[in-house]
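Below, each chain spelled out in residue letters.
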Amino acid sequence: MNLKINNNTESDLTEINELVSDFYPYAQERFGFNTPPTLTLQSDPANAVDPMGKTGAYNPSTREIMIYVDNRHPKDILRSFSHELVHHAQNCRGEFKNEIPTNERYAQTSDHLRKMEEEAYLQGQLCLRDYGDNKMNERTEKVIR
């Protein structure tokens, strides 16, 4: 299933698009969803200078993942993408049903959404870690051969 990527920046994000496109099938298989989300790579200079600025967001009703990309390392962008893909998988499983975050403190005010955040942090990180380790092994094997 193809992932649609929107570049809402003035930057050439070819490297990011390639990384995301390579990572996506791995994460999709791991998280077990069939409906693709839409990914928007977003520039927001004011957000980029805020030490506690947003890194990403997921909209369950539109199935859109937004990742803020200004001044970020590609691996950090993938980390945010992986986290948001867990939320997409949760949405595909019907876990957002009647609870759509409407405020900044949703993870502190809803036990259900808090558990969903915990899953996204844990599974998103582990997925990216495993993907990265697999890529490292592939590169090492090519060098040894």
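What counts as what
Residues numbered from 1 in each chain as written. Predicted model: local features only at pLDDT ≥ 70, side-chain atom pairs only at ≥ 80, totals over all residues. Heavy atoms only, no water. Helix = DSSP H or I, 4+ residues; strand = E, 2+ residues; numbered from the N terminus. Contact = heavy atoms within 4.5 Å. Buried < 20%, exposed > 50% of the residue type's maximum accessible area, 1.4 Å probe, protein only. Pairing = 2+ DSSP bridges. Right-handed = clockwise from strand over helix to strand, strands pointing away. Expected span 1.5 Å × (residues − 1). Bend = angle between axes of the 7 residues up to and from the residue. Core = buried A, V, L, I, M, F, W, Y, C linked by side-chain atoms within 4.5 Å. Axes fitted to C-alpha atoms, helices over the stretch in contact; angles between N-to-C directions. Left-handed = near helix turned anticlockwise from the far one by under 90°. Nonpolar A, V, L, I, M, F, W, Y, C, P; charged D, E, K, R; others polar. Phe/Tyr/Trp six-rings, centres within 6.5 Å; stacked < 30°, edge-to-face > 60°. Salt bridge = Lys/Arg side-chain N within 4 Å of Asp/Glu carboxyl O.

Draft legend 1. Looking closely at the overall build of the chain. Summing up its helical and strand segments, the chain has 5 helices and 4 strands in all. Along the chain, from the amino end to the carboxyl end, the secondary structure elements read β-α-β-α-β-β-α-α-α. The contacts in the chain between residues at least 6 apart in sequence include a share of 71% that link residues at least 24 apart.

Draft legend 2. Representation of the pairing of strand β2 (residues 38-42). The element β2 is extensively covered by neighbouring structure, given that 4 of its 5 residues are classed as buried. Pairing of strand β1 (residues 4-8) with β2, which is carried by 5 bridges, proceeds in the parallel orientation. Considered in β2, the bridge of Lys4 is made with Thr38. Handedness of the crossover joining β1 and β2 through helix α1 (residues 14-31) is recorded here as left-handed. By the bridge criterion, 5 bridges tie β2 to strand β4 (residues 64-68) in an arrangement that is parallel. Across the sheet, the residue bridging to Thr40 is Met66, located in β4.

Draft legend 3. Molecular detail of α1. Counted at 1.5 Å a residue, the expected span for α1 with its 18 residues is 26 Å, and the 25 Å between its end C-alpha atoms agrees. Along its length, α1 reaches its greatest deviation from straightness, about 30°, at Tyr24, and the proline Pro25 lies no more than four positions downstream. Those residues of α1 not exposed but buried are Ile16, Val20, Phe23, Tyr24, Ala27, Gln28 and Phe31.

Draft legend 4. Molecular detail of the nonpolar core. Core analysis: the biggest nonpolar cluster contains 28 residues, and Phe23, Phe31, Leu39, Phe81 and Leu85 have the highest contact counts within it. Among the elements of the structure, α1, β2, β4, α3 (74-92) and α5 (111-144) are those that each provide at least two residues to this core.

Draft legend 5. Up close: the pairing of β4. Inspection of the sheet shows strand β3 (residues 56-59) paired to β4 by 4 bridges, in the antiparallel sense. Within β4, the position partnered with Asn59 by the bridge is Glu64. Between the end of β3 and the start of β4, which pair antiparallel, lie 4 residues, with Arg63 showing a positive phi angle near 60°.

Draft legend 6. Fine view of the packing of α1 against α3. Remark: α1 packs on α3, axes separated minimally by 10 Å, with the N-to-C direction vectors making an angle of 35°. For the pair α1 and α3, the crossing hand works out as right-handed. Together, Glu15, Ile16, Leu19, Val20, Phe23, Tyr24, Ala27 and Phe31 of α1 and Pro74, Ile77, Leu78, Phe81, Ser82, Leu85, Val86 and Ala89 of α3 make up the contact between the two elements. Taken together, the residues of the contact of α1 with α3 sort by class into 14 nonpolar, 1 polar and 1 charged.

Draft legend 7. Focus on the packing of aromatic side chains. Tallied over the full model, the rule gives 6 aromatic pairs. Among the aromatic residues, those joined into a cluster by ring pairs are Phe23, Tyr24, Tyr26, Phe33, Phe81 and Tyr131.

Draft legend 8. Here's a closer look at the pattern of salt bridges. Enumeration according to the criterion identifies 7 salt bridges in this entry. A salt bridge links Arg72 to Asp76; its shortest N-O distance comes to 2.9 Å. Glu119 is the salt-bridge partner of Arg93, the closest N and O atoms lying 3.0 Å from each other. Here Glu119 lies in helix α5 and Arg93 lies in the loop between α3 and α4 (106-109), a separation of 26 residues in the sequence. Judged by relative accessible area, which is 44%, Arg93 ranks as partly exposed. With relative accessibility at 24%, the residue Glu119 sits in the partly exposed group.

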